[in-house]
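Fold and geometry: a report
Single-letter residue listing:
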Amino acid sequence: GEEKIQKDIILSDHEDAVNALLKELLEQGVINSLDEIKTVGHRIVHGGNLYSSSVIMNDRVIHEIENISDLAPLHNPANLIGVRAFQKAIPTSIQVGCFDTAFHQTLKEEDYLYPVPYEWYIKYHIRKYGFHGLSHKFITEKMTDILGKIPNLIICHIGNGASISAVKQGKCIDTSMGFTPNAGIMMGTRSGDIDSSIIPYIMNKCDMTVDEVMNDLNKKSGFLGISGVGSDFRDIYAGVVSGNERCKLAFDKYVKTVVNYIAQYYVELGGCDILCFTAGLGENASEARLAIMEKLACLGVKVDLEKNQIRGEEVKLTTDDSSIICYSIPTNEE
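Structural notes, computed from the coordinates. (Residues numbered from 1 in each chain as written. Predicted model: local features only at pLDDT ≥ 70, side-chain atom pairs only at ≥ 80, totals over all residues. Heavy atoms only, no water.)

**Overview of the overall build of the protein chain**
Note the threshold: Labels follow the DSSP assignment, with helices taken as runs of H or I lasting at least four residues and strands as runs of E lasting at least two, numbered in each case from the N terminus. Radius of gyration here is computed from C-alpha atoms only, and the compact-globule reference equals 2.2 Å multiplied by the residue count raised to the power 0.38. Think of it in three bands: with a 1.4 Å probe and only protein chains considered, a residue is buried below 20% of the maximum accessible area for its type, exposed above 50%, and partly exposed in between.
In terms of regular secondary structure, the protein chain is built from 13 helices and nine strands. Computed over its C-alpha atoms, the radius of gyration of the protein chain comes to 21 Å, within 12% of the 20 Å expected for a compact globule of 334 residues. Summarising its shape, the C-alpha atoms of the protein chain cover approximately 55 × 50 × 40 Å along the three principal directions. The buried share of the protein chain, taken over its 334 residues, is 44%.

Printed below as a string of structure tokens:
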């Protein structure tokens with residue numbers, strides 16, 4: 001129900017976490033037996049180009065995910081520990097893998113290939129994969145239900161991590177994240193798109209390794225890097241209000257990068273019916289939504305200022321005569 005239970009326990013790995021969860025479900029009377037759990041869904045970050053939908057996690061699938069773990073070394077191995085822990089704890093349950101990359105597997109080759117030596121793609125699988133697919137798929141299905149038709153969408157999943165997707169007739173045709181999640185728009189601590197030559201330049205100037213530079217690009221850039229204040233948009237906007245010039249710079253830079261992707265995808269789609277904001281900023285940061293939509297006035301976007309103040313709820317953000325309808329929709333990646 002509404003009751004929250006909090007305990008401090010030591011978890012050495014994901015198997016410990018699985019066992020602690022199952023123990024609580026039993027002790028709190030949520031279930032009477034582990035056999036009641038028929039299916040376990042696992043969010044798996046990377047499915048490479050192998051999976052375009054959710055799959056039952058049999059031995060072959062687990063082996064294939066192991067083989068592409070170098071594409072997501074921090075996530076996929078940990079995901080598989082969770083899968084095996086549930087297999088061990090509840091051998092009668094079905095394990096299902098749901099991939100964060102699956103929704104974007106409808107991209108065409110011209111859209112997912114990088115202009116690098118083609119053998120990099122053939123030998124090492126260098127291509128755009130895209131992420132946040134579970135969220136983008138949920139929003140696509142939700143907007144289809146709301147409108148009663150399959151719309152052309154631009155989805156802005158903008159949180160601490162952020163990605164934008166162009167969805168045509170229910171299928172993703174382009175997305176901002178790429179080979180890794182550190183591509184596309186700037187984020188809370190990620191740089192997004194940069195000139196690749198910056199990496200060896202900084203390595204030489206600062207006597208840094210490639211791993212150290214990549215750590216800075218993933219964990220010390222974006223809002224945090226530009227503002228010097230933090231990665232949370234609420235802190236950035238508080239700085240804007242108080243007159244902090246670097247916070248204002250971070251805010252303006254963020255809005256610009258989001259708008260640039262929206263404009264690109266508007267052209268790729270040949271126009272769009274719906275622009276949808278979701279995730280942390282998209283659902284709650286009315287100031288960021290307003291700034292983005294005001295820059296899209298040239299495309300006929302007209303903001304309903306009163307409704308844009310609503311946070312964390314499903315709401316139409318534009319007036320009835322707006323050329324593009326904008327919504328804020330809480331996502332549900334579960």
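The rest of the description comes next.
**Quick word on unusual backbone geometry**
A positive phi angle is found at histidine 132, which is not glycine, with a value near 60 degrees. One can find histidine 132 in the loop between helix 5 (118-124) and helix 6 (133-147). Overall, histidine 132 belongs to the buried group, its relative accessible area being 11%. Look at aspartate 207: it is not a glycine, yet its phi comes out positive at around 50 degrees. Residue placement: aspartate 207 occurs in the loop between helix 7 (198-206) and helix 8 (210-219).

**Things to note about the sheet that holds strand 3 (residues 94-99)**
Test applied: Any two strands are treated as partners once DSSP identifies two or more bridges connecting them. Note on contacts: a residue pair qualifies if any of its non-hydrogen atoms lie within 4.5 Å across the two residues. Lines fitted to the C-alpha atoms define the axes, with helices restricted to the stretch that makes contact. Angles between their N-to-C directions range from 0 to 180 degrees.
Read across the open sheet, the three strands follow the order 1-3-2; overall the sheet is mixed. The open sheet terminates on both sides in strands that have one partner only, identified here as strand 1 (39-44) and strand 2 (55-56). Looking at chain direction, strand 1 and strand 3 are connected through six bridges and run parallel. Looking at strand 3, one finds that isoleucine 44 is bridged to phenylalanine 99. On the sheet, helix 3 (residues 76-89) packs against strand 1 and strand 3 and is oriented at approximately 175 degrees with respect to strand 1.

**Observations regarding the environment of methionine 143**
Summarising the element assignment, methionine 143 is placed in helix 6. In this structure methionine 143 comes out as buried when scored by relative accessible area, which is 0%. For methionine 143, the contacting residues outside a window of four places in its chain are Lys149, Pro151, Leu153, Ile274, Cys276, Tyr327 and Ile329.

**Let's talk about the packing of helix 10 (residues 233-242) against helix 11 (residues 245-269)**
Convention followed: Should an angle lie under 35 degrees it is considered roughly parallel, over 145 roughly antiparallel, and from 65 to 115 roughly perpendicular; all remaining angles are considered oblique. The handedness criterion is simple: a crossing whose near helix is rotated anticlockwise from the far helix by less than a right angle is left-handed, and one whose near helix is rotated clockwise is right-handed. The residue classification treats Ala, Val, Leu, Ile, Met, Phe, Trp, Tyr, Cys and Pro as nonpolar and Asp, Glu, Lys and Arg as charged. All others, Gly included, are polar.
Packing of helix 10 against helix 11 brings their axes to within 7 Å, and their N-to-C directions diverge by 120 degrees. One way to sum up the angle between helix 10 and helix 11 is to call them oblique. The interaxial crossing formed by helix 10 with helix 11 has left-handed handedness. Judged by residue contacts, Phe233, Asp235, Ile236, Tyr237, Gly239 and Val240 of helix 10 engage Cys247, Lys248, Ala250 and Phe251 from helix 11. Across the contact of helix 10 with helix 11, the residue classes break down as seven nonpolar, one polar and two charged.

**A look at the nonpolar core**
In summary, soluble globular proteins display a tendency toward joint burial of nonpolar side chains. For the record, the criterion: As used here, the term nonpolar core means buried Ala, Val, Leu, Ile, Met, Phe, Trp, Tyr and Cys residues forming a set that is joined through side-chain atoms within 4.5 Å.
Counting residues in each nonpolar core, the largest one holds 46 residues, and the members touching the most others are Ile158, Tyr254, Val258, Leu275, Phe277 and Ile292. Secondary-structure elements contributing two or more residues to this core are strand 4 (153-158), strand 5 (162-168), helix 10, helix 11, strand 7 (274-278) and helix 13 (286-295). Among the elements that line this core, the one with the most residues is helix 11, at eleven residues. Not counting residues up to four positions away in its chain, the partners in contact with tyrosine 254 are Ile158, Gly159, Ala162, Ile185, Met186, Phe223 and Leu281.

**Looking at the side chain of aspartate 304**
What counts is decided by this rule: By the counting scheme adopted, Arg and Lys are positive, Glu and Asp are negative, and His together with the chain ends is not counted. Any carboxyl oxygen of Asp or Glu that lies within 4 Å of a side-chain nitrogen of Lys or Arg is treated as forming a salt bridge with it.
With respect to the secondary-structure elements, aspartate 304 resides in the loop between helix 13 and strand 8 (315-316). Buried charged residue aspartate 304 carries no salt bridge. Nearest counter-charge: lysine 307, at 4.4 Å. Those residues in contact with aspartate 304 that sit more than four places away from it in its chain are Leu317, Thr318 and Thr319.

**Some remarks on the pattern of salt bridges**
Counted under the stated rule, the structure contains 15 salt bridges. In this structure, aspartate 174 engages lysine 128 in a salt bridge whose closest nitrogen and oxygen atoms are separated by 2.9 Å. Of this pair, aspartate 174 sits in strand 6 (residues 171-175) while lysine 128 sits in the loop between helix 5 and helix 6; the two residues are 46 residues apart in sequence, bridging distant segments of the chain. For the pair formed by aspartate 174 and lysine 128, the shared burial category is buried. Linking aspartate 320 and lysine 316 is a salt bridge whose minimum nitrogen-to-oxygen distance equals 3.0 Å. Owing to a relative accessible area of 75%, aspartate 320 belongs among the exposed residues under this scheme. Salt bridges here are not isolated pairs; linked through shared partners, they connect Arg43, Asp100 and Glu333.

**A few points about the packing of aromatic side chains**
Put simply, the test is: Aromatic pairing here means that ring centres of Phe, Tyr or Trp (its six-membered ring) are within 6.5 Å. Orientation follows from the plane angle: under 30 degrees is stacked, over 60 is edge-to-face, and everything else is tilted. Over a ring means this: the NZ of a Lys or the CZ of an Arg is within 6 Å of the ring centre and within 35 degrees of the ring normal.
Per the stated rule, a full pass over the model turns up ten aromatic pairs. Between the aromatic rings of tyrosine 112 and tyrosine 121, the centroid separation amounts to 5.9 Å while the plane-to-plane angle is 50 degrees, which identifies the pairing as tilted. Ring centres 4.8 Å apart and planes at 35 degrees place the aromatic pair phenylalanine 223 and tyrosine 254 in the tilted group. Within this pair, whereas phenylalanine 223 is found in helix 9 (residues 222-227), its partner tyrosine 254 is found in helix 11, the two being separated by 31 residues in sequence. Owing to a relative accessible area of 2%, phenylalanine 223 belongs among the buried residues under this scheme. Take tyrosine 254: its relative accessible area is 1%, and that puts it in the buried class. By the ring-pair criterion, three or more aromatic residues cluster together here, those being Phe223, Phe233, Tyr237, Phe251 and Tyr254. The ring of tyrosine 112 carries the charged tip of arginine 127 above its face, separated from the ring centre by 3.7 Å.

The analysis is restricted to geometry; functional conclusions fall outside its scope.
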